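Below are the chains, spelled out letter by letter.
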Amino acid sequence: MAAVNYLRSEDQFLCSICLDVFTDPVSTSCGHNFCKTCINVHWDTKDQCLCPMCKMVFNTRPELHVNTLFSEIAAQFKSAQQEASSRSSETQAAKPGEVPCDVCTGTRLKALKSCLVCLVSYCETHLEPHLTASGLKRHQLIDPVENLEDRMCTKHDKPLELFCKTDQTCVCMLCTVLDHKMHDVVPMKEGYEGKKAELGKTEAEIQQMIQQRGLKIEEIKQSVGLSEKEAGREKAEGVQIFTSLKESVERGLKELIDTIEEKQRTAEKQAEGFITELEQEISELMKRRTEVEQLSRSEDHLHLLQSVQSLNIHHPPTKDWTEVSVCPPSYEGTVVRAAAQLEEKLSKEIKKLLELTRVQRFAVDVTLDPDTAHPKLILSVDGKQVYHGDVWKVLPDNPERFSVKTYVLTKQSFSSGRFYFEVQVKDKTGWKLGVARESIKRKKDIKLSHQRGYWSLWLKNGNEYRALAGPSVLLSLKSRPQKVGVYVDYEEGLVSFYDADAAALIYSFTGCHFTKKLFPFFHPGMNDCGKNSAPLIVSPVRVN
């Protein structure tokens, strides 16, 4: 059954039995129209045939024929009606989540407003009286909401229009003179504004908490990153140490095997000497036996007696082998001694590696300062290399510049903590390295010593290493360093120099007293006709 409100002009297209647009319309002799199926079903259920509209009785059941023209007109109207209904549903029908009109029947359209007085939500059509009728204009309209009954006081059945700040609840007018008589009651708008301000403050606090937790996440991520970096460094140190230990063990094993094999070779050589000598004696004895045998067969008395005397058979050319023997070499204690030596060596290697690794953690990036460089020094563009150029460049004679000694300092200075840097000294026959006080003399020819503010190492004549301690200390090194590490502990008063590749300590200045800034200090030495032309190079520190 159709449940749509049609205009009066549309009634002529509706069947009075099904109340829907005609389908296969037929006309009775009394002039009324019906759907062919509807009238036939109607008559099938009745004892007599009569018109449902005018009650005219037919003695015989009429033969009905479809009115073709009227059928076409009804079909066109039905199609137009369905299209309009579909268009209306698509544009205005309430969608899921939207508030539907409480007045619409059939397809419920989307509500535009809800009335707090009527407690009803209205679509555009049904809202019209509230916009035009004077009595309804005074009703309070709001944006459409569901469950309007929740906006009514359950006790007094009145709209909730006020807010009780005492009980923090919405109330009606009767509540203010009964249950909330002495309470602090304000208009709902005022309560709304107050709560909105509180919510704004709460939102700001929540946002701040979110930001704080975001910062904490970043802090934790940074901690994880640092932990990962530290773990990588520890692994690298572990690999280096155990690789060194492995190499030492392999060298110890080789030395042990070489020692044992050398003893075995000595025993074999001694045995071979004895065997050769014995074989020679056997050969001589066999020769004498043949001679004796031939002589003993002789029947010539005179010949036998004369020949025996010349053979001297009672003193054969041999030595006494009774006490001669080859004793197996003794290996007792060889493995134990080798293991003890290896243990001592490994202990020293570990100590050296750990010590250098510890100081390398304080590596800093330093750059040479051209404003301090002597005019004959050549600095690279990146400030990482320096060598002697033999030519005096024209440069400003500023107070920081060395004008007598061919020295240069770094841009970086240090007045606390610990720091470490490495310098490549490969292919050089002379240089000086270390740290210097900020107050050192730069315009005079002075002798380097810690008393004058220099803590440095000196290579002289390609093979003479000295610590310039005033007096200088001659150093005995197992090998020539290719890269020198410089470590300073400001508070501890310590300056140490390392062979960075061999992980070996070269020399340490101890008991130093630092009160002023310290600068890394470089002297590449004279060019010496190209023999010492290689530069000093500030190298990136790679943990051993």
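The present account deals with the structure reproduced in this document. (Residues numbered from 1 in each chain as written. Predicted model: local features only at pLDDT ≥ 70, side-chain atom pairs only at ≥ 80, totals over all residues. Heavy atoms only, no water.)

## Notes on the overall build of the chain
- A count of helical and extended segments in the chain gives eight helices and 23 strands.
- For 544 residues, the compact-globule formula gives about 24 Å, and the C-alpha radius of gyration of the chain, at 59 Å, lies well above that figure.
- Based on the C-alpha atoms only, the size of the chain along its principal axes is roughly 190 × 100 × 60 Å.
- Taken over 544 residues, the chain has a buried fraction of 32%.
- By sequence separation, contacts in the chain at least 24 residues apart represent 55% of the contacts at least 6 residues apart. (Helix = DSSP H or I, 4+ residues; strand = E, 2+ residues; numbered from the N terminus. Rg over C-alpha atoms; globule rule 2.2 N^0.38 Å. Buried < 20%, exposed > 50% of the residue type's maximum accessible area, 1.4 Å probe, protein only. Contact = heavy atoms within 4.5 Å.)

## Quick word on the environment of S508
- The topology assignment puts S508 in strand β21 (residues 504-509).
- Taking the relative accessible area as the measure of exposure, S508 reaches 22% and is therefore partly exposed.
- When the C-alpha atoms of S508 and S456 are compared, they prove to be 9.8 Å apart, with 52 residues separating the residues in sequence.
- At a separation of 2.7 Å, a polar atom in the side chain of S508 contacts the side chain of S496. (Polar contact = N/O pair within 3.5 Å; in protein donor to acceptor, adjacent residues only side chain to side chain.)

## Remarks on a nonpolar patch on the surface
- Taken together, the side chains of L174, V177 and L178 present a nonpolar region at the surface, about 260 Å² in accessible area.
- Topologically, V177 is positioned in helix α5 (residues 173-177). (Patch = residues over 30% accessible without salt bridge, like charges linked within 9 Å, V, L, I, M, F, W, Y side chains within 5 Å. Areas by Shrake-Rupley, 256 points an atom, 1.4 Å probe, with all protein chains shown as cover. Salt bridge = Lys/Arg side-chain N within 4 Å of Asp/Glu carboxyl O.)

## Overview of helix α6 (residues 188-296)
- Taking 1.5 Å of rise per residue, the 109 residues of α6 would be expected to cover 162 Å, and the 155 Å separating its terminal C-alpha atoms lies within 8% of that figure.
- Residues of α6 that are buried: G191, E237, I241, S244, L245, S248, G252, L256, A267, E281 and L295. (Expected span 1.5 Å × (residues − 1).)

## Thoughts on the sheet that holds strand β6 (residues 120-122)
- With respect to topology, three strands assemble into an open sheet ordered β6-β5-β7, the strand pairing being antiparallel. The sheet is open, and its two borders are formed by β6 and β7 (141-142), each paired with just one other strand.
- Note: strand β5 (residues 113-115) against β7, two bridges, orientation antiparallel. Across the sheet, C115 pairs through a bridge with L141, a residue of β7.
- Packing of helix α3 (residues 124-132) onto the sheet brings it into contact with β5, β6 and β7, and relative to β6 it is tilted by some 110°. (Pairing = 2+ DSSP bridges. Axes fitted to C-alpha atoms, helices over the stretch in contact; angles between N-to-C directions.)

## Let's talk about the pairing of β21
- Where strand β20 (residues 494-499) and β21 come together, five bridges link them in antiparallel fashion. Bridge pairing in β21 links Y498 to L505.
- In sequence, β20 turns back onto β21 through a hairpin of four residues, with A503 there showing a positive phi of about 55°.

## Here we look at the side chain of S449
- Mapped onto the elements, S449 comes out in the loop between β15 (431-437) and β16 (454-460).
- In this view, S449 contacts Y454, L468 and G470; residues no more than four positions away in its chain are not counted.

## Topic: unusual backbone geometry
- Phi angles above zero are rare outside glycine, and K55 is one such case at about 65°.
- Locating K55 in the fold gives a position in the loop between β3 (49-50) and β4 (57-58).
- The backbone of A503 shows a phi angle near 55°, a positive value even though the residue is not glycine.
- For A503, the location among the structural elements is in the loop between β20 and β21.

## Digging into the pattern of salt bridges
- The full count for this structure, using the stated rule, is 15 salt bridges.
- The partner of E198 in a salt bridge is K195, with the nearest N and O atoms 3.5 Å apart. Of this pair, E198 and K195 both sit in helix α6, three residues apart, roughly one helical turn.

## Details of the nonpolar core
- If you look at the biggest cluster of nonpolar residues, it comprises 35 residues, and the most contacted ones within it are W431 and F522.
- Discounting residues that sit within four places of it in the chain, W431 has contacts with V425, L457, W458, L459, Y465, V484, H523, P524 and L536.
- Counting residues in hydrophobic clusters, the runner-up holds 18 residues, among them F22, V26, F34 and C49. (Core = buried A, V, L, I, M, F, W, Y, C linked by side-chain atoms within 4.5 Å.)

## Remarks on the sheet that holds strand β23 (residues 536-539)
- On the basis of which strands lie adjacent, the open sheet formed by seven strands has the order β11-β12-β23-β14-β19-β20-β21 and antiparallel pairing. The outermost strands of the open sheet, each flanked by one partner alone, are β11 (377-379) and β21. Going across the sheet, the axis of each strand differs from the next one's by a mean of 25°, ignoring polarity.
- In the sheet, strand β14 (residues 418-424) pairs with β23 via three bridges, with the strands oriented antiparallel.

## Notes on the pairing of strand β19 (residues 483-489)
- The element β19 is extensively covered by neighbouring structure, given that seven of its seven residues are classed as buried.
- Residues K483, G485, Y487 and D489 point to one face of β19 and V484, V486 and V488 to the other, with burial holding for every one of them.
- Bridge count for β14 against β19 is seven bridges, and the pairing is antiparallel. Of the residues in β19, the one forming a bridge with E422 is G485.
- Where β19 lies against β20, six bridges are found, and the strand directions are antiparallel. Within β20, the position partnered with Y487 by the bridge is S496.

## Regarding the packing of aromatic side chains
- In total, this model carries 15 aromatic pairs according to the counting rule given.
- Judged by centre distance (6.2 Å) and plane angle (65°), the ring pair of Y407 and Y454 falls under edge-to-face. Here Y407, found in the loop between β12 (385-388) and β13 (408-409), pairs with Y454, found in strand β16; they are 47 residues apart in sequence, far enough to count as distant.
- Classification of Y407 by relative accessible area gives buried; the value is 1%.
- Measuring from ring centre to ring centre gives 4.0 Å for F414 and F419, while their planes differ by 15°; the resulting arrangement is stacked. The pair formed by F414 and F419 is uniform in burial state, with each residue classed as buried. (Phe/Tyr/Trp six-rings, centres within 6.5 Å; stacked < 30°, edge-to-face > 60°.)

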